[in-house]
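So you can see what is in the structure, the chains are spelled out below.
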Amino acid sequence: MTDTLIAPSTKSPLERALSTVLKSRETAIALVLLAVIAAATLKNESFLFSSNSWRDLLLTPSILVLLAVGQAVVIITRNVDLSVGSTLAMSAYLTGRLFVDNPGIPIIVVFAAGIACGALLGLINGLLVAFGKVPALVITLGTLYIYRGVVLSWAGSNRINASDMPQDFLALGTRSILSIPVLTLIAVFVLAVVGYYMRTARGGREMYAIGSDPDAAELYGLKVTRRVTSAFVLCGALAGLAGVLFAARYGTVSSGAGTGIELQAVGAVVIGGVAIFGGSGTVWGAAIGAMLLVTINRALPILGIPDFWQRAVVGALIIGAIVLDRVFSARQSRKLIEARDQE
Amino acid sequence: MTSLITPQSTKTREYAAFGSPLWKRVLLTREFAVIALLLIVVFYSRSEVPNFDGPLTVTYLFLDIAPLLLIALPMTLIIITGEIDLSVASVVGLSSVLVGVLHDGGMSLPLAALIAIVAGIVCGTVNGFLVAYVGLPSLAVTIGTLALYRGLAVGLLGTKAVTDFPEKWTDLATDKIGASSVPLVVIPFLILAVLFALLLHFTSFGRGVYDIGLNAEAAGFAGVNVARTKLTLFALAGAVSAFAGVYYTLRYGSSRGDNANGLELQVIAAVLLGGVSIFGGRGALHGVIAGVLLIGVISSAMRLDGVTANVINIIIGLLLVLSVVSTSFLAWVSELRQKSGVRKRGQETT
């Protein structure tokens, strides 16, 4: 019986690894990213080659990368977290408040407080979704309102200014080590850790299983509620970290910080190849998707497209990405059915 | 040979027409809970909140929530089928911008409004085509079109705002019916509400909407044209959102790219509050209208009471979370009761 499905591959391991990488979605969007950068640089050399532009190119997406990584983990488990923008605002304002009320507080404590704040908000989301058996869309819609309202009440019309925060903290926002900005290093480190966890650790693989078929995962004996809750805690913690980085990067924190960024995060994740129904995709793709979104925003004015059309371009990209995904998966399932029917 | 047809000597069992008595079927529903909550809030505000009794309250209440009321109607049907449409607010913004740009270019207002509504139908049809015929998940598609349509709106107008609309039309948006304090915009809303209620409860199309929500595959086999139904619903949402956009422009007298930013979340919150299940398959319009009014009354009462807008947001968020958690909790309770009932019946037979 010659099934094309179960015959072992005749390629060498290196060939197989290479073909997996080259045919992957992540490579495709990385190529698109490089194409965008190349096009913008051709138009205006200073997009890439001026003194600040290299730093800005790497620095600006780092916040969205953190949000996209957290969102990807949640979406892989077949949920969604719309409250990350409000969590970011809460953590950023907390950061500013800590510095204002406690001058001389160590920066590491502020980082820990921001992450803990985000993790707590994520825990609330996770408990409601996992134990309440309510769709995450609705719960995080509600918590989006609630957390944003709490930040607005807490901050009122105050805003934290750059002068309220210590210089070393703000320097984090612009400093570079070996010409790579510190914030980007943090984002890449987080990405590497989460990416490794999702790919190799049991918890990560179980999250893919839960997203792929929650009922089967339950019957198989996986601790679905625990994994889903930890996915939300991770997403919240990363949003909290993103809030601290937001305060470091921009210096000014008002109560409207991060409004609308949750949809950008979901868009980045979708562009990055994570299926909205969960079970597939990688955090690497989500991170590259986030970089692509931010870089396109910055490249459009240089390419001659007025600033105002950015959102339309982003929207078209998201739709294009999911249509392409659908076309490929339809083609793939047709091929598999043909192969099966050939026996 | 004995006849095979023996007369019935045993008494036949009588079955009631419905499973539970009428009072239970009316009072123990989510819709009634929302309506009761609305009445409680209204009566409480009339006595406790200063100035709530005045004629202006009703006027501003309806003027402010008219877009919500309008868009909640097709959104209810979409959510009953198990889909969702996050792009409605962007269609409102796009239609608002189109009215502004076309009017600025010299077109008459009614024609500009008509073109805006046609544009809304096109936007909705694109959504519907991608969801129903290409088979993409509506959450992802409408997140994309939310950005696309909003981007088109902002791109067409930039940072400008068109504000010179003829008084004849802006007055039409804010005028009241005769001597009452109810604004004119309630009339188109009532017409649409009646039409949607007829569509949902008295046509086979509406029956199909519920069937798709309960089990789309089974509905397809039962003869419901699932794709065409979904396409129609999304197109209707686009049309109604565009109409709401025209109203919004005339009511505030200003056409801006970011008009009605964030409205979609309020609409979805109101629809879910009104008893429609996010899983699809159950819900009714009267609950949704009560849900929208509830949000409007709470916002307006709190504003009159001097409470800041963010606390209002917290309350709406809490209401939303509580309403869905309570549904889930009630389902769990009834499941427990069913299981213990089965156990008891099992014990009786042994």
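All values derive from a computational prediction rather than experimental measurement.

Novice: Outline the overall build of chain B, supporting the account with residue identities and numerical values.
Specialist: Secondary structure summary: chain B contains 14 helices and 0 strands in total. Listed N to C, the secondary structure of chain B is α-α-α-α-α-α-α-α-α-α-α-α-α-α in terms of helices and strands. For chain B, the C-alpha atoms occupy an extent of roughly 95 × 50 × 35 Å along the three principal directions. Within the span of chain B, comprising 350 residues, buried residues form 50% of the whole.

Novice: Just give me the short version of the overall build of chain A, but keep the residues and values in it.
Specialist: Check the secondary structure of chain A and you find 16 helices and 2 strands. Relative to the 2.2 N^0.38 estimate, which gives 20 Å for 343 residues, the radius of gyration of chain A is 21 Å and therefore close to what a compact globule would have. Summarising its shape, the C-alpha atoms of chain A cover approximately 75 × 55 × 35 Å along the three principal directions. The proportion of buried residues among the 343 residues of chain A is 51%. Nonlocal contacts in chain A, meaning residues at least 24 apart in sequence, comprise 77% of its contacts between residues at least 6 apart. Put simply, chain A shows about 15,800 Å² of open surface, and 64% of that area lies on carbon and sulfur atoms. If the 26 positive side-chain charges of chain A are averaged to one point and the 19 negative ones to another, these points end up 1 Å apart.

Novice: Which residues make up the interface of chain A and chain B, and what values do they have?
Specialist: Counting from both sides, the interface comprises 33 residues of chain A and, opposite them, 42 residues of chain B. With both sides pooled, the region where chain A packs onto chain B buries about 3,400 Å², and carbon together with sulfur makes up 83% of that total. For the chain A face of the interface with chain B, the top three residues by lost area are A:Tyr145, A:Phe308 and A:Arg311, together amounting to 21%. The tally of links between chain A and chain B comes to 0 salt bridges. Secondary-structure elements contributing two or more residues to the side of chain A that touches chain B are α7 (107–132), α8 (136–155), α14 (261–271) and α16 (310–341) of chain A. A total of 13 residues in the side of chain A that touches chain B trace back to one element, the largest contributor, which is α8(A).

Novice: Before we move on, could you go through the state of the cysteines and cite the residues and values that matter?
Specialist: All chains considered together, the criterion is met by 0 disulfides over all chains. A:Cys235 supplies the cysteine sulfur nearest to A:Cys117, a cysteine that is in no disulfide, at a spacing of 13 Å.

Novice: So what about α14(A)? Which residues, and what values?
Specialist: Residues spaced three or four apart along an α-helix point in a common direction, a consequence of the helix completing one turn every 3.6 residues. Residue and element names in this part refer to chain A. Within α14, 10 of the 11 residues are buried, which leaves the element mostly enclosed by the surrounding structure. Regarding α14, the residues found buried are Ile261, Glu262, Leu263, Ala265, Val266, Gly267, Ala268, Val269, Val270 and Ile271. Of the residues trailing α14, Gly273 is marked for its positive phi of about 100 degrees.

Novice: An account of the packing of aromatic side chains is needed here, citing residue identities and associated values.
Specialist: Evaluated as defined, the whole model comprises 7 aromatic pairs over all chains. Pairing B:Tyr248 with B:Tyr252 gives two aromatic rings, centres 4.8 Å apart and planes at 55 degrees, and the pair type is tilted. Of this pair, B:Tyr248 and B:Tyr252 both sit in helix α11 (residues 226–252), 4 residues apart, roughly one helical turn. By the ring-pair criterion, three or more aromatic residues cluster together here, those being A:Phe99, A:Phe111 and A:Phe169. Positioned above the aromatic ring of B:Phe18 is the side chain of B:Arg25, whose terminal nitrogen or guanidinium carbon lies 3.8 Å from the ring centre.

Novice: Explain the pattern of salt bridges residue by residue, including any values.
Specialist: Residues and elements named next belong to chain B. Tallying each qualifying case throughout the model produces 12 salt bridges over all chains. In this structure, Arg282 engages Glu31 in a salt bridge whose closest nitrogen and oxygen atoms are separated by 3.8 Å. Note that Arg282 is positioned in the loop between α12 (263–273) and α13 (285–304) and Glu31 in helix α2 (residues 30–48), a separation of 251 residues in sequence. A relative accessible area of 35% means that Arg282 is categorised as partly exposed.

Novice: So what's going on with a positive patch on the surface? Which residues, and what values?
Specialist: Residue and element names in this part refer to chain A. Residues Lys11, Arg16, Lys23, Arg331, Arg334 and Lys335 make up a contiguous surface patch of positive charge. Looking at the positive patch, the elements that each hand over two or more residues are α1 (13–23) and α16. Mapped onto the secondary structure, Arg334 falls in helix α16. Look at Arg334 and you get exposed, because its relative accessible area is 52%.

Novice: Can you lay out the side chain of A:Thr95 for me, pointing to particular residues and giving the numbers?
Specialist: All names here are of chain A. Of note, Thr95 is situated in helix α6 (residues 84–101). Residue class for Thr95 comes out buried when judged on its relative accessible area of 0%. A polar contact of 2.7 Å, which involves the side chain of Thr95, links it to the backbone oxygen of Ser91. Not counting chain neighbours up to four residues away, the residues in contact with Thr95 comprise Val110, Phe169, Val244 and Ala247.

Novice: Give a detailed account of unusual backbone geometry, specifying residues and quantitative values.
Specialist: All names here are of chain A. Although it is not a glycine, Arg78 adopts a positive phi angle of roughly 70 degrees. For Arg78, the position within the fold is in the loop between α5 (61–76) and α6. The exposure class of Arg78 is partly exposed, given its relative accessible area of 39%.

Novice: Break down the packing of helix α10 (residues 182–200) of chain A against helix α11 (residues 202–212) of chain A for me, with residues and values.
Specialist: All names here are of chain A. Between α10 and α11, whose axes approach to 5 Å, the crossing angle comes to 70 degrees. By the angle class used here, α10 and α11 are roughly perpendicular. Along this stretch, α10 crosses α11, giving a crossing that reads as right-handed. Along its contact with α10, which presents Tyr197, Met198, Arg199 and Thr200, the element α11 presents Arg202, Gly203, Gly204, Arg205, Met207 and Tyr208. Looking at the contact of α10 with α11 residue by residue, the classes come out as 4 nonpolar, 3 polar and 3 charged.

Novice: Help me get a handle on the side chain of B:Asn127, residues and values and all.
Specialist: Tracing the chain through its elements places B:Asn127 in helix α5 (residues 109–133). Not counting residues up to four positions away in its chain, the partners in contact with B:Asn127 are B:Asp85, B:Ser87, B:Val141, B:Thr142, B:Thr145, B:Tyr149 and B:Phe234.

Novice: Residues and numbers for helix α8 (residues 186–202) of chain B, please.
Specialist: All names here are of chain B. A rise of 1.5 Å per residue sets the reference length of α8, with its 17 residues, at 24 Å; its end C-alpha atoms lie 23 Å apart and thus fit the reference within 8%. Along α8, the positions that sit buried rather than exposed are Val186, Phe189, Ala193, Phe196 and Leu200. In a view along the axis of α8, the buried residues occupy a sector of 90 degrees, so they form one face of it. Across α8 from its buried face, at more than 90 degrees, point the exposed residues Ile191 and Phe202. Check the buried side of α8 and you find it contacts α3 (55–80), α9 (204–214), α11 and α13.

Novice: Which residues make up the environment of A:Ser280, and what values go with them?
Specialist: All names here are of chain A. As for its placement among the helices and strands, Ser280 is situated in the loop between α14 and α15 (283–302). Classification of Ser280 as partly exposed rests on a relative accessible area of 32%. For Ser280 and Tyr208, which are 72 residues apart along the polypeptide, the C-alpha to C-alpha distance reads 6.6 Å. Excluding its chain neighbours within four sequence positions, the residues that come into contact with Ser280 are Ile76, Tyr208, Gly273, Val274 and Ala275.

Novice: Would you mind going over a nonpolar patch on the surface in detail, with residue names and values included?
Specialist: Nonpolar side chains collect at one region of the surface, where B:Ile177, B:Ile187, B:Ile191, B:Val194, B:Leu195, B:Leu198 and B:Phe202 lie side by side and expose about 670 Å² of accessible area between them. Topologically, B:Leu195 is positioned in helix α8.

Reading guide: rules and limits
Residues numbered from 1 in each chain as written. Chains lettered and ligands numbered in written order. Predicted model: local features only at pLDDT ≥ 70, side-chain atom pairs only at ≥ 80, totals over all residues. Heavy atoms only, no water. Helix = DSSP H or I, 4+ residues; strand = E, 2+ residues; numbered from the N terminus. Buried < 20%, exposed > 50% of the residue type's maximum accessible area, 1.4 Å probe, protein only. Rg over C-alpha atoms; globule rule 2.2 N^0.38 Å. Contact = heavy atoms within 4.5 Å. Areas by Shrake-Rupley, 256 points an atom, 1.4 Å probe, with all protein chains shown as cover. Lys, Arg positive; Asp, Glu negative; His and termini not counted. Charge placed at Lys NZ, Arg CZ, Asp CG, Glu CD. Buried area = accessible area lost by both parts, 1.4 Å probe. Salt bridge = Lys/Arg side-chain N within 4 Å of Asp/Glu carboxyl O. Disulfide = S-S within 2.5 Å. Phe/Tyr/Trp six-rings, centres within 6.5 Å; stacked < 30°, edge-to-face > 60°. Lys NZ or Arg CZ within 6 Å of the ring centre and 35° of its normal. Patch = residues over 30% accessible without salt bridge, like charges linked within 9 Å, V, L, I, M, F, W, Y side chains within 5 Å. Polar contact = N/O pair within 3.5 Å; in protein donor to acceptor, adjacent residues only side chain to side chain. Axes fitted to C-alpha atoms, helices over the stretch in contact; angles between N-to-C directions. Parallel < 35°, antiparallel > 145°, perpendicular 65-115°, else oblique. Left-handed = near helix turned anticlockwise from the far one by under 90°. Nonpolar A, V, L, I, M, F, W, Y, C, P; charged D, E, K, R; others polar. Expected span 1.5 Å × (residues − 1). Arc of directions from axis to C-beta.

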